[in-house]
Amino acid sequence: MVTKSVKLGLQHVQDIAPYIGGRPISEVAREYGLDESKIVKLASNENPLGMPQSAIDAMSRVASDLGRYPDSNGFELKEVLSNRLGIPSDWITLGNGSNDILELAARAVAQAGDTIIFSKHAFAVYSLATQAVGAQALEVIPTADYGHDLTAMLAAVKNTESSGKSKVKLVFIANPNNPTGSYLSAAAIETFLSTIPSHVVVVLDEAYNEYLSPEQRYNAIEWVKRFPNLLVSRSFSKAYGLAGLRIGYGVAQPELTDLLNRIRQPFNVNSLAQAAAIAALQDTQFLQRGYDLNCAGYAQLTTAFTELNLPFLPSAGNFVLVRVGDDEGAGARVNLALVKRGIIVRPVGNYGLPQWLRISIGLPEENAIFIAALRDIL
Ligand SMILES: *Cc1c(COP(=O)(O)O)cnc(C)c1O
């Protein structure tokens, strides 16, 4: 191999720390000589029920047509969404996962020299999307309970703009947030939207929206009607059980939606994903089963954490952040011990939380295997 001394590519791309996902089951099985079928993966907030059967059936119906390109405009899926959400189809952008929407938002509104604001301990993709366009990331210190501090975020917008050095183009907010599970009330978000300057685009990431309890629920689409600078993103990867298909969507008024559509790949959402999403959206039974399972699993995990005297953060999502020790090596150490037993969870040192582990809520028996192993390790 010939090594070159010249550096290829842009500095801001070289500076990106690649995304670290949950480890694939096959990889862990290979590395530790484990039986794949015995591995428990609670690392990527996937739906433990897997895919809905309705989606599998819908995909088999379109499978014979995969020689053709997908519908570039996702007409049918947008129709279903438009009826469901009570908005016109041209307010919807489909994405190759909602990650695609987050990235499109950054690319559509920000460039080198601009500032993008999000909370510390927020979803890692915000920082990746920011760096990819060469913009400056401003991480705002969270509240004492690790949630987004919207007041501090508003102050950060104001301070940055009044310094005259950079323009704030975008703010990412996740509700609930991953990996902390923290939740913002509708009132807090509404105040934020009414106060933030209208030239700043706000992305409200609702990847876990379907897991909110009835008391926590709110309708962000009503805000989209009032605020032209708001983009709400949603995912089919979590509650709808379609993570492997890569599909999500964004809702915004036509001006912002049109921008996203100009820069997306023409065929960014494949035919199988479109068909599966239509079926999953209408499968209210599957959604309810997943919700109930999640409530039971949350109780199961947090009861065990309490018994083990482990602090955890109350979560509005399908995962729980638990503190497994006081030293900076705790998360990595307990994680390794779990992996060796075939249990994959998510260390969050890269989120600045080295004492913690994020546990996706699984099936009752998966949660039980994890709890038993954790008890044993500690
Ligand atoms: C999982 C997740 C997403 C989206 O994932 P996609 O699979 O790309 O739809 C978006 N935001 C947050 C906060 C997430 O945790």
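Calculation rules
Residues numbered from 1 in each chain as written. Predicted model: local features only at pLDDT ≥ 70, side-chain atom pairs only at ≥ 80, totals over all residues. Heavy atoms only, no water. Helix = DSSP H or I, 4+ residues; strand = E, 2+ residues; numbered from the N terminus. Rg over C-alpha atoms; globule rule 2.2 N^0.38 Å. Contact = heavy atoms within 4.5 Å. Areas by Shrake-Rupley, 256 points an atom, 1.4 Å probe, with all protein chains shown as cover. Lys, Arg positive; Asp, Glu negative; His and termini not counted. Charge placed at Lys NZ, Arg CZ, Asp CG, Glu CD. Core = buried A, V, L, I, M, F, W, Y, C linked by side-chain atoms within 4.5 Å. Buried < 20%, exposed > 50% of the residue type's maximum accessible area, 1.4 Å probe, protein only. Arc of directions from axis to C-beta. 1 Å grid on protein atoms, 1.4 Å probe; cavity = no way out; pocket = protein on both sides within 12 Å on 5 of 7 lines; lining within 4 Å. Points joined across faces, edges and corners; volume = space filled by probe spheres on them. Nonpolar A, V, L, I, M, F, W, Y, C, P; charged D, E, K, R; others polar. Pairing = 2+ DSSP bridges. Axes fitted to C-alpha atoms, helices over the stretch in contact; angles between N-to-C directions. Domains from an automatic or database assignment. Buried area = accessible area lost by both parts, 1.4 Å probe. Salt bridge = Lys/Arg side-chain N within 4 Å of Asp/Glu carboxyl O. Near = heavy atom within 4 Å. Polar contact = N/O pair within 3.5 Å; in protein donor to acceptor, adjacent residues only side chain to side chain.

Chemist: What should I look at first to understand the overall build of the chain in this one?
Modeler: The helix and strand tally for the chain stands at 14 helices and twelve strands. Relative to its length of 378 residues, the chain is compact, with a C-alpha radius of gyration of 21 Å against a globular reference of 21 Å. Overall size of the chain, expressed as C-alpha extent along the three principal axes, is 60 × 55 × 55 Å. Taking the contacts inside the chain whose residues are at least 6 apart along the sequence as the reference set, 74% of them involve residues at least 24 apart. For the chain, the computed accessible surface area is about 17,200 Å², with 53% contributed by carbon and sulfur atoms. Measuring between centres, the 32 positive side-chain charges of the chain sit 4 Å from its 36 negative side-chain charges.

Chemist: How should the nonpolar core be read in this particular structure?
Modeler: Considering soluble globular proteins, one finds that nonpolar side chains tend to be buried as a cluster. One finds Val 171 and Phe 192 to be the most contacted residues of the largest nonpolar core, which totals 52 residues. The element best represented in this core is helix α11 (residues 271–282), accounting for six residues. Excluding residues that lie within four positions of it along the chain, Phe 192 makes contacts with Leu 150, Met 153, Leu 154, Val 171, Ile 173 and Val 202. In this structure, Val 125, Val 133, Ala 135 and Ala 174 belong to the second largest nonpolar core, which totals 32 residues.

Chemist: Help me understand helix α10 (residues 254–263) in this model?
Modeler: One turn of the α-helix equals 3.6 residues, which is why residues spaced by three or four share an orientation. Here α10 has its buried residues at Leu 256, Thr 257 and Leu 260. What you see down the axis of α10 is that its buried residues fit within an arc of 100 degrees, all on one side. Away from its buried face, by an angle of more than 90 degrees, α10 presents the exposed residues Glu 255 and Arg 262. Tucked into the core, α10 has its buried residues touching β2 (92–95), α5 (98–109), β6 (201–205) and β7 (230–235).

Chemist: What's the story with empty space enclosed by the protein in this structure? I'm lost.
Modeler: One simple way to see leftover space: roll a probe sized like a water molecule over the atoms. Taken as a whole and judged by the stated rule, the model has three cavities of 30 Å³ or more. Roughly 60 Å³ of volume is contained in the largest cavity. Lining the largest cavity are 13 residues, with Ser 72, Asn 73, Leu 94, Arg 264 and Asn 268 sitting closest to its centre. Per-class residue counts for the lining of the largest cavity are four nonpolar, six polar and three charged. Estimated volume of the second largest cavity: approximately 50 Å³. Lining the second largest cavity are Asn 47, Pro 48, Tyr 211, Gly 290, Leu 293, Asn 294, Asn 318, Ile 361 and Gly 362. The residue inventory of the lining of the second largest cavity, partitioned by class, reads four nonpolar, five polar and no charged.

Chemist: Explanation requested: the sheet that holds β6 in the structure shown.
Modeler: The strands that make up a sheet pair up through hydrogen bonds in the backbone, lying either parallel or antiparallel. Pairing within the open sheet is mixed, and its seven strands lie in the order β2-β8-β7-β6-β5-β3-β4. Each edge of the open sheet carries a strand with a single partner, namely β2 and β4 (136–140). Looking at each pair of strands side by side, their axes are set apart by 20 degrees on average, direction ignored. Bridge analysis of strand β3 (residues 115–119) against β4 gives five bridges, and the strand direction is parallel. Opposite Ile 117, over in β4, you have Leu 138 as the bridge partner. Of the strands in this sheet, β2, β7 and β8 (248–251) are in contact with helix α4 (residues 75–85), which crosses β2 at around 130 degrees.

Chemist: Just to check I follow, could you spell out the domain arrangement of the chain for this structure?
Modeler: How big an interface is tends to be stated in terms of accessible area lost as the parts join. Per the domain assignment, the segments making up the chain are domain 1 (19–50 + 285–377) and domain 2 (53–282). Taken together, the 26 residues of domain 1 in the interface contact 29 residues of domain 2. Here domain 1 meets domain 2 over a buried area of about 2,100 Å², counting both sides, of which 64% is carbon and sulfur. Area buried by domain 1 at its contact with domain 2 is led by Tyr 291, Ala 316 and Tyr 351, which between them contribute 30% of it. Remark: the boundary between domain 1 and domain 2 carries zero salt bridges.

Chemist: Before we go on, may I ask you to explain the site of the ligand in this structure?
Modeler: With respect to spatial proximity, the complete set of residues near the ligand consists of Gly 97, Ser 98, Asn 99, Phe 123, Asn 178, Asp 205, Ala 207, Tyr 208, Ser 235, Ser 237, Lys 238 and Arg 246. For the ligand, an oxygen atom lies 2.7 Å from a polar atom in the side chain of Asn 178. One nitrogen or oxygen atom from the side chain of Ser 235 is found 2.7 Å from an oxygen atom belonging to the ligand. For the ligand, whose unbound accessible area comes to 390 Å², protein coverage reaches 95%. Residues of the shell around the ligand, tallied by class, amount to three nonpolar, six polar and three charged.

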